[in-house]
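Residue-level structure breakdown
The chain contents come next:
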Amino acid sequence: MSRNRFPIIAILSVLALASCDEGRLYDEDAIIVQEGGCAHITATVSGLETWPGQYTLAVAGFENGNEFALISKNIETSVSDGRCDIVLTGIPPEVSTVELCAIDRLRRRAATFASGNYTAGSDTLRLDFNQADLSMAGAIQREIFNTTCIQCHGGSNFVAAGLNLTEGHSFGDMISVPSVKAPEFDRVRPGDSSSSIIFLILGGNASASWSYDHSVEIIRQEKLDLIRNWIDGGANAD
């Protein structure tokens, strides 16, 4: 009996030591070294709650010529007093710009609110965007109306079809207002893009017989999706 006791104790001691060694190795393996660059973005934001579930407001890194984010970090919709403070780490060297933006479920850029140039290997990129309107309506005004439409609709005092798409006028002239060219449709019918002439002429051939075919203006699907989702989500003008 006494002869067998010592081997058992020795075996248990060896197992205990092995267990301790394994624990230390596990802790060391759990340390993950974060590679890549870093950006620190601060901003006071508003309008986050106006976006439907198809989109995420984020700080993201993009490569030149690529609409898909290589890295992103979400902005929480519950940020205190609208002030967000985000550190984006692990930025790959291919990234050329870091943006405060809206991305879709594919992490494709839908709208950019502010951006800064990024250079791999440099010190932490620090950006303070101060007051930033992240509303969906604001994004549509800047990304689509200001860049594509106001040349004919409000710019240079020319307002085609009586539709003024400059800031401060566009949504009042569109939402629940019958179309001059196609009175059976509203310019924008909240909740129904299929009955909104602005989406039908930009996304299809509804204006092919008019003096100008508007379908040539927006060729990027994500921009058409932006308009459609805004309308179908209620066409909030705030």
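For the structure, see preceding data.
One structure accompanies this document, and this report is about it. Bear in mind that the values here come from a model prediction, so they are computed numbers and not experimental data. (Residues numbered from 1 in each chain as written. Predicted model: local features only at pLDDT ≥ 70, side-chain atom pairs only at ≥ 80, totals over all residues. Heavy atoms only, no water.)

Turning next to the side chain of Lys223. Tracing the sequence through the fold places Lys223 in helix 5 (residues 221-232). Judged by relative accessible area, Lys223 falls into the buried class, the value being 13%. For Lys223, the side chain forms a polar contact with the main-chain oxygen of Ala110, separated by 3.0 Å. What Lys223 contacts, discounting residues up to four positions off in sequence, is Ala110, Ala111, Glu143, Ile144 and Ile218. (Helix = DSSP H or I, 4+ residues; strand = E, 2+ residues; numbered from the N terminus. Buried < 20%, exposed > 50% of the residue type's maximum accessible area, 1.4 Å probe, protein only. Polar contact = N/O pair within 3.5 Å; in protein donor to acceptor, adjacent residues only side chain to side chain. Contact = heavy atoms within 4.5 Å.)

For the structure on display, the rule yields four aromatic pairs. Ring geometry for Trp51 versus Tyr55: centroids 5.2 Å apart, planes at 70 degrees, classification edge-to-face. Comparing Trp51 with Tyr55, the two get one shared label, buried. An aromatic cluster is present here, built from Trp51, Tyr55 and Phe113 joined pairwise through their rings. Of note, Arg109 hangs over the ring of Phe62, and the distance from its end group to the ring centre comes to 4.0 Å. (Phe/Tyr/Trp six-rings, centres within 6.5 Å; stacked < 30°, edge-to-face > 60°. Lys NZ or Arg CZ within 6 Å of the ring centre and 35° of its normal.)

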